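Given next are the chains, with one letter for each unit.
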Amino acid sequence: MGEMVGAIAHQWRQPLNTLAMSVQFIEDDFEDGLIDEKYIKEHSIENMKLINFMSKTIDDFRNFFTVNKIKEDFKVRENLIETTDMLIGQLENSNISLEVTDGDFLVTGFPNEFKQVILNIVNNAKDVLIEKNIENGNITIDIQTVKDIGVITITDNAGGIPQDVIDRIFEPYFTTKEQGKGTGLGLYMSKMIIEDNMNGKVYVNNIDNGAQFILELELINV
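Quantities reported herein were computed from a predicted structural model and do not represent experimental measurements.

**Q** Can you lay out the confidence of the model for the chain for me, pointing to particular residues and giving the numbers?
**A** Mean pLDDT over the chain: 84, with 83% of residues reaching 70 or higher. Below pLDDT 50 for its whole length, residues 179-183 participates in three contacts with residues either more than four positions away or in separate chains.

In structure tokens:
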């Protein structure tokens, strides 16, 4: 919930600032004699775009917490994009770029649980990039199929996970974050969602300049 509130704050900050400036300009523009029917229409259209964006943000977050009672078939890319869109404000604010490749595949499970897995892994990567003050931070999400398995690879350039803890990061209540900044349950729950609820597998390893989380999921043949 805390992460979601933080994401909402970042998503809303820019449009709120823009709306505030727009309101402040009205008085100055009125005094300068710039306000006419055309001005009002253009002003209303631009402000309504911002308001609709903020309204959609609330709908996205509300849907995120909707409990799925029944497993359903869904495409992973659409759910990935919906999740990363909620985080883009925080990432841009921290000068972290995010790339999602064009692949896609169909799986069975609970879409919102899957979103929480992606949210958790991407948020962890973001936190480490910020903590280590990595310049040109980058998170890449690669989607592809290998034979009859769908593979999602989430990679960052934050320097990797220390070897003395990498084998423990999926344990419950284990966290490398400072006290008060992590419960140690995020990756544990992510592993349970992928392996117990979606019959998949989760791996993690270090690459040259960062960490790499790999999700393997059973494909649906259509």
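**Q** So what's going on with the packing of aromatic side chains? Residues and values would help.
**A** Tallied over the entire structure, the rule returns two aromatic pairs. Where phenylalanine 74 meets phenylalanine 114, the ring centres are 5.5 Å apart and the plane angle is 50°; that geometry is what we call tilted. You can see phenylalanine 74 sitting in strand S1 (residues 72-75) and its partner phenylalanine 114 sitting in helix H4 (residues 111-131), a full 40 residues away along the chain. Taken together, a centroid distance of 6.2 Å and an interplanar angle of 90° make the contact between phenylalanine 170 and phenylalanine 213 edge-to-face. Of this pair, phenylalanine 170 sits in the loop between strand S5 (149-156) and helix H5 (186-197) while phenylalanine 213 sits in strand S7 (residues 211-218), and the two are 43 residues apart along the sequence. The class of phenylalanine 213 is buried, set by a relative accessible area of 7%. Above the ring of phenylalanine 170, the side-chain terminus of lysine 191 is found at 5.1 Å from the ring centroid.

**Q** Account for the environment of asparagine 157, naming residues and giving values.
**A** Note on placement: asparagine 157 falls in the loop between S5 and H5. Residue class for asparagine 157 comes out buried when judged on its relative accessible area of 18%. Taking the C-alpha atoms as reference points, asparagine 157 and valine 128, separated by 29 residues in sequence, lie 9.4 Å from one another. What asparagine 157 contacts, discounting residues up to four positions off in sequence, is Leu129, Ile134, Glu135, Asn136, Gly137, Asn138, Asn209 and Gly210. Polar side-chain contacts of asparagine 157 include one of 3.2 Å to the backbone oxygen of asparagine 136. Separated by 2.8 Å, the side chain of asparagine 157 and the backbone nitrogen of asparagine 138 make a polar contact.

Parameters at a glance
The residue count restarts for each chain, going from 1 along the sequence in the order it is written. The predicted origin of the model limits local features to residues at a pLDDT of at least 70 and limits the giving and counting of side-chain atom pairs to 80 or more, whereas totals for whole chains, interfaces and linings rest on all residues. Just so you know, side-chain values use all the structure's heavy atoms and leave hydrogens and water out. Note: pLDDT gives the predictor's confidence per residue, expressed from 0 to 100. Contacts are residue-level and defined by heavy atoms, with any inter-residue pair within 4.5 Å sufficient. Aromatic rings from Phe, Tyr and Trp, taking only the six-membered ring of Trp, are treated as a pair when their centres fall within 6.5 Å; an angle between ring planes under 30 degrees marks them as stacked, one over 60 as edge-to-face, and anything in between as tilted. Each helix is a run of H or I in the DSSP string that is no shorter than four residues. Each strand is a run of E no shorter than two, and both are numbered from the N terminus. Three labels apply to residues, based on accessible area from a 1.4 Å probe with only protein chains included: buried if under 20% of the type maximum, exposed if over 50%, partly exposed otherwise in between. A positively charged side chain is recorded as over a ring if its NZ (Lys) or CZ (Arg) lies within 6 Å of the ring centre. The angle to the ring normal must also be within 35 degrees. As used in this structure description, the phrase polar contact means that two N or O atoms lie within 3.5 Å; if the pair is within protein, one of them must be able to donate a hydrogen and the other to accept it, and residues adjacent in sequence are counted only when both atoms belong to side chains.

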